[in-house]
Amino acid sequence: MNAIVLDNEGIGCLPAPDCPLCGESGTQHYRDLRDPMFGAPGRWGLRICRNPHCGSGWIDPMPTRQSLATLYQSYHTHDQAPVIVAPEGAASHAPALRYRLLGLLPWWKHHYQSGLNYFGHRKPGVMLDVGCGSGGFLRSIVEAGWSAVGIDFDEQAVAVASQVRGAQVFATDIFDPRFDGKRFDGILLDNVIEHVPEPGRTIARCGELLAPGGRLVMITPNVDALGHRHFGEHWRGLETPRHLHLFTRRALRKLAVSNGLRSAKVFAKPSSRQFNFMVGASEEIMRTRGLRTRRWPVAKRLLRVKSLLSALLGGGEAEFLVCIADRPARPQSR
């Protein structure tokens, strides 16, 4: 039986009561959310999975694939200067000395070896940037000696990214048949996986395209972030309705492992820069909704320190999650 398509202010949607990752039912966390930033139509809810081993979030109702383009008509990728800042270290393949030194310590290695979105310490090869936007990362990775391919559904963003010398850029998705049989030494999904309607299928496709010895990196907002707890429905990481899925560390690792990437490591990224961005953007969302934001410099500092310490000590409360999955150079023995 076909599901009934709902009309959500002109957006075709399907009911989504159950977790897309594990199938468990979800509790209604928020109701009647509006798009506070880009004015997309519709009223949306957010559900959180009841399964303690998952805990992921998703919007309900869920827009149909045919309706997704409407949600991006005024999105920031139409501009040459994106609103969402790149994760720390993405814009440079020469991280600060303190980060390079901290990256030598086993406990903090994955936190601070973050140049070029965690590809800075790897031998250059062929990179696939999924959701490349206007091409900021493509430019950096090409300058570091990589060959690069970028894909994005936004044709205006692709027109800008196509100006990056040494990169091939296409207005398409990862399932394009032209990539069948191709192998990439690096695949990046930077603030992308939360946007795709079928994250499991997307990650499985990444596994098909990843060369032996290659690396997949995903960066995505953390639904368990302290910022989310503080700002609630005004938290910038929700980005309703374009963020279809939100992840915990447990859920993100489950997504990777259950779709063939058994070596996945997931951690919360300690970053003052990202924390400041998310706090400032969340406060701006409150202002656009007519709410006053009180000055809270002491509380903000304490929240920042708690977020960073949690991430450094192995907790999961920083604003963004990072998943790194390295494919073995040789087939693993069974």
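Here is what the cut-offs are and how they apply
Residues numbered from 1 in each chain as written. Predicted model: local features only at pLDDT ≥ 70, side-chain atom pairs only at ≥ 80, totals over all residues. Heavy atoms only, no water. Helix = DSSP H or I, 4+ residues; strand = E, 2+ residues; numbered from the N terminus. Buried < 20%, exposed > 50% of the residue type's maximum accessible area, 1.4 Å probe, protein only. Salt bridge = Lys/Arg side-chain N within 4 Å of Asp/Glu carboxyl O. Contact = heavy atoms within 4.5 Å. Lys, Arg positive; Asp, Glu negative; His and termini not counted. Pairing = 2+ DSSP bridges.

A.B. asks: So what about the overall build of the protein chain? Which residues, and what values?
C.D. replies: Regarding its fold elements, the protein chain presents 10 helices and 14 strands. Out of the 334 residues belonging to the protein chain, those deemed buried represent 53%.

A.B. asks: Mind laying out the pattern of salt bridges, listing which residues take part and the relevant values?
C.D. replies: Enumeration according to the criterion identifies 16 salt bridges in this entry. Residue aspartate 326 is joined to arginine 122 by a salt bridge in which the shortest nitrogen-to-oxygen separation is 3.8 Å. Within this pair, whereas aspartate 326 is found in strand E14 (residues 320-326), its partner arginine 122 is found in the loop between helix H3 (115-118) and strand E7 (126-130), the two being separated by 204 residues in sequence. Under the relative-accessibility criterion, aspartate 326 is labelled partly exposed at 27%. The partner of aspartate 180 in a salt bridge is arginine 205, and the shortest N-O contact between them spans 2.8 Å. Here aspartate 180 is found in the loop between strand E9 (167-170) and strand E10 (184-190), whereas its partner arginine 205 is found in helix H6 (residues 199-209), with 25 residues between them in sequence. Residue aspartate 180 is classed as partly exposed on the basis of its relative accessible area, which comes to 49%. Among the residues examined, arginine 205 registers a relative accessible area of 8% and is labelled buried. A network of salt bridges, in which partner residues are shared, links Asp35, Arg236, Glu239 and Arg242.

A.B. asks: Explain the environment of tryptophan 235 to me, and be specific about the residues and the numbers.
C.D. replies: Tracing the backbone shows tryptophan 235 in the loop between helix H7 (226-231) and strand E12 (245-246). In this structure, the C-alpha to C-alpha distance between tryptophan 235 and glutamate 284, residues 49 residues apart in sequence, is 9.8 Å. Filtering out sequence-adjacent residues up to four positions away, tryptophan 235 remains in contact with Pro221, Asn222, Val223, Ala225, Gly227, His228, Met278, Ser282, Ile285 and Glu319.

A.B. asks: Residue-level account of the side chain of glutamate 194, with values.
C.D. replies: Topologically, glutamate 194 is positioned in the loop between E10 and H6. One buried charged side chain, glutamate 194, makes no salt bridge at all; its nearest oppositely charged neighbour is arginine 236, positioned 7.9 Å away. When neighbours within four sequence positions are excluded, glutamate 194 is seen to be in contact with Ile219, Thr220, Pro221, Arg242, His243, Leu244, His245 and Phe247.

A.B. asks: Any details on the pairing of strand E4 (residues 44-49)? Residues and values, ideally.
C.D. replies: For E4, the tally of buried residues reaches 6 of 6 residues, placing the bulk of the element in the interior. Going residue by residue along E4, you find Trp44, Leu46 and Ile48 tucked away on one face and Gly45, Arg47 and Cys49 tucked away on the opposite face as well. Bridge count between strand E3 (residues 26-33) and E4: 5 bridges; the pairing is antiparallel. Paired with glutamine 28 across the two strands is arginine 47, which belongs to E4. Pairing of E4 with strand E5 (residues 57-60) involves 4 bridges; the strand directions are antiparallel. Within the sheet, the bridge partner assigned to glycine 45 lies in E5 and is aspartate 60.

A.B. asks: How would you explain unusual backbone geometry if you had to name every residue and give the values?
C.D. replies: Here the residue pair aspartate 60 and proline 61 is connected by a cis peptide bond, since its omega of 10° sits within 30 degrees of zero. With respect to the helices, strands and loops of the structure, proline 61 is situated in the loop between E5 and strand E6 (62-63). Residue proline 241 follows threonine 240 across a cis peptide bond; omega there is 5°. Structurally, the position occupied by proline 241 is in the loop between H7 and E12. Notably, glutamate 9 is not glycine yet its phi reads approximately 55°, a positive angle. Within the secondary structure layout, glutamate 9 lies in the loop between strand E1 (6-8) and strand E2 (11-14). In this structure, asparagine 191 takes a positive phi of about 55° despite not being glycine. With respect to the helices, strands and loops of the structure, asparagine 191 is situated in the loop between E10 and H6.

Scope: geometric values only; no functional claims are made or implied.
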